[in-house]
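# What the coordinates show
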Amino acid sequence: MRLRPQLPGRRRRLRRLQPLTADRALRVAVVGSGPAGFFTAGHLLAADRAVEVDLLERLPTPWGLVRLGVAPDHPELKTASRTFEKIASEQGFRFFGNVEMGRDVTHEELSRLYDAVVYTVGAQSDRRLGIPGEDLAGSWPATAFVAWYNGHPDHQHLEFDLDVERAVVIGNGNVAVDVARLLALTPAELAPTDAADSAIEALNRAAVREIVMLGRRGPAQGAFTPKELKELGELAGADVEVDPADLVLDPASAAALEADRARAQRNVDILREFAGRPAGTKAKRLKLGFKLSPVQILGEGKVEAIEVVRNELVADERGRIQAVPTGEVEVIPCGLVLRSVGYRGVALPGVPFHEEHGVIPNREGRVLGEGGEPLPGVYCAGWIKRGPSGVIGTNKKDAAETAERLLEDARAGLLRSEGGELEELLRERGVEAVEYAGWEAIDRHERGRGEPHGRPRVKLTSWDDLLARARELERQS
Ligand code: NAP
């Protein structure tokens, strides 16, 4: 699969380079083509000097979580891709899909080939709960479920047993809201989306009738945003339920709410409205529980129940409200547990990594070496820089900061490369890179498949299909 020559497409003539001087283009490799990668590329290409950006991506497709993370029933959030398309059309931009850093090219090689390397690889893994039973069959990281229903080619073999009556979602962030909502959507709500066809079929067949979403802290500490929370009360096939007792705020939360009239207050108002609704009659129930932490996941060989402990909320010395277990436990029978307690960054070979925080150590995007000093020519942006927080747009400011530091270093004469061509190196290794034109062929094909059904696209979900579609170009030329 990897022994074909590079696909044809737009090529750029490059010179062999040595020190970076004002009269030659600054050459930058950006690794990871999600929002942070594209925003970094866009900021660099808009600089008042010549810049050439090669955007490397492990998958044959760009856009990161905009394609493979954003919920399929939220097409408005995917319009960020139009900005990315515009950036890709800029002079000096090239895409190298199907190229994995560490496997196909090393950090040392990129550092030699380019004046600067920017890592924008996001957070590739998930945080663990660290409780007994976490790895029982039927207990999944929500990140895997998200990747599966969004058609990620590495997650299509996963078999989620949805033939269960009750699913429990752990966490109170927007990803928890997404996965809880996806389990509650009706076939009519799923039909116009770009979710993977196989996932739509499985979700439509699912026996799940009750989804329980559990927050370890209270309604005032939800990490979800009001818009996403409110949507849970507007589902065609599921009634949302909140126990009014959960909305009696402890003094610390009430005081915190007074201080924060924005998000937390709106969330609590929405939850109060949910709690005041009469009992519903829809086919599914979506229960939002608070002040409950998972203790262990129970079952013989597979998930049968989850034991949770009731918490009380206590402000610590910094005023942050902490969940403290009371000892009062409860067992909730369920057949599926989705653990949605945050993403986590993964170390890249040869690149410094802060194990505890799951990020690349950096100062304003300049990667720091062991002594805490910036490594010349190495940068990071996005989730691998600041951790898995914020929305798509947050990455624009974050990427701009990194790109500015890089341009400052270029002006200060701190950047240099040995020259040479990534294309040549990949060709010698038999690595089949997918150029931007190859992705455009995939994109056209997917949109074409979706169009007759009123769907934005029908995704190709296997590596073979994606690479074959990119290769079509080769046959046509
Ligand atoms: P998140 O916002 O950090 O939420 C993580 C949740 O997990 C929090 O409620 C946290 O509770 C809880 N948690 C952590 N450790 C726990 C434990 N041991 N036991 C129980 N609960 C635990 O993470 P996320 O939901 O993965 O989202 C990642 C980012 O993507 C966020 O910035 C999010 O807003 C964004 N996103 C946005 C959208 C959208 O705009 N529609 C959609 C999806 C994701 P504590 O607060 O108590 O720590």
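The text that follows walks through the structure, step by step, so that each part is easy to find. Predicted model, so just to flag it, every value in this text is computed and none were measured.

What follows concerns the side chain of Arg 339. With respect to the element layout, Arg 339 can be found in strand S14 (residues 336–339). Not counting residues within four places of it along the chain, the set of residues in contact with Arg 339 comprises Asp 126, Arg 128, Leu 129, Glu 134, Ser 139, Trp 140, Pro 141, Ala 142 and Ile 170.

For the rest of this paragraph, the subject is helix H6 (residues 174–184). The buried fraction of H6 amounts to nine of the 11 residues, a majority that puts the element mostly inside the structure. Looking at H6, one finds that the buried residues are Ala 176, Val 177, Asp 178, Val 179, Ala 180, Arg 181, Leu 182, Leu 183 and Ala 184.

Bringing the pairing of strand S4 (residues 116–119) into the picture now. Alternating positions in S4 separate into two faces, Ala 116 and Val 118 on one and Val 117 and Tyr 119 on the other, with burial throughout. Here four bridges tie strand S1 (residues 26–31) to S4, and the two strands are oriented parallel to one another. Across the sheet, Val 28 pairs through a bridge with Ala 116, a residue of S4. Judged from the three bridges that link them, S4 and strand S18 (residues 374–380) form a sheet pairing that is parallel.

Before going further, it helps to spend a moment on helix H1 (residues 35–45). Within H1, 10 of the 11 residues are buried, leaving the element largely enclosed by the surrounding structure. If you check which residues of H1 are buried, you get Pro 35, Ala 36, Gly 37, Phe 38, Phe 39, Thr 40, Ala 41, Gly 42, Leu 44 and Leu 45.

Per the stated rule, a full pass over the model turns up 42 salt bridges. A salt bridge links Arg 94 to Glu 423; the shortest N-O distance between them is 3.1 Å. Remark: Glu 423 occurs in helix H14 (residues 422–429) and Arg 94 occurs in strand S3 (residues 93–96); sequence separation between them is 329 residues. By relative accessible area, Arg 94 is classed as buried at 7%. Take Glu 423: its relative accessible area is 9%, and that puts it in the buried class. One salt bridge connects Arg 112 with Glu 418, and the closest N-O pair in it is separated by 3.9 Å.

Reading the values: the criteria
Residues numbered from 1 in each chain as written. Predicted model: local features only at pLDDT ≥ 70, side-chain atom pairs only at ≥ 80, totals over all residues. Heavy atoms only, no water. Helix = DSSP H or I, 4+ residues; strand = E, 2+ residues; numbered from the N terminus. Contact = heavy atoms within 4.5 Å. Buried < 20%, exposed > 50% of the residue type's maximum accessible area, 1.4 Å probe, protein only. Pairing = 2+ DSSP bridges. Salt bridge = Lys/Arg side-chain N within 4 Å of Asp/Glu carboxyl O.

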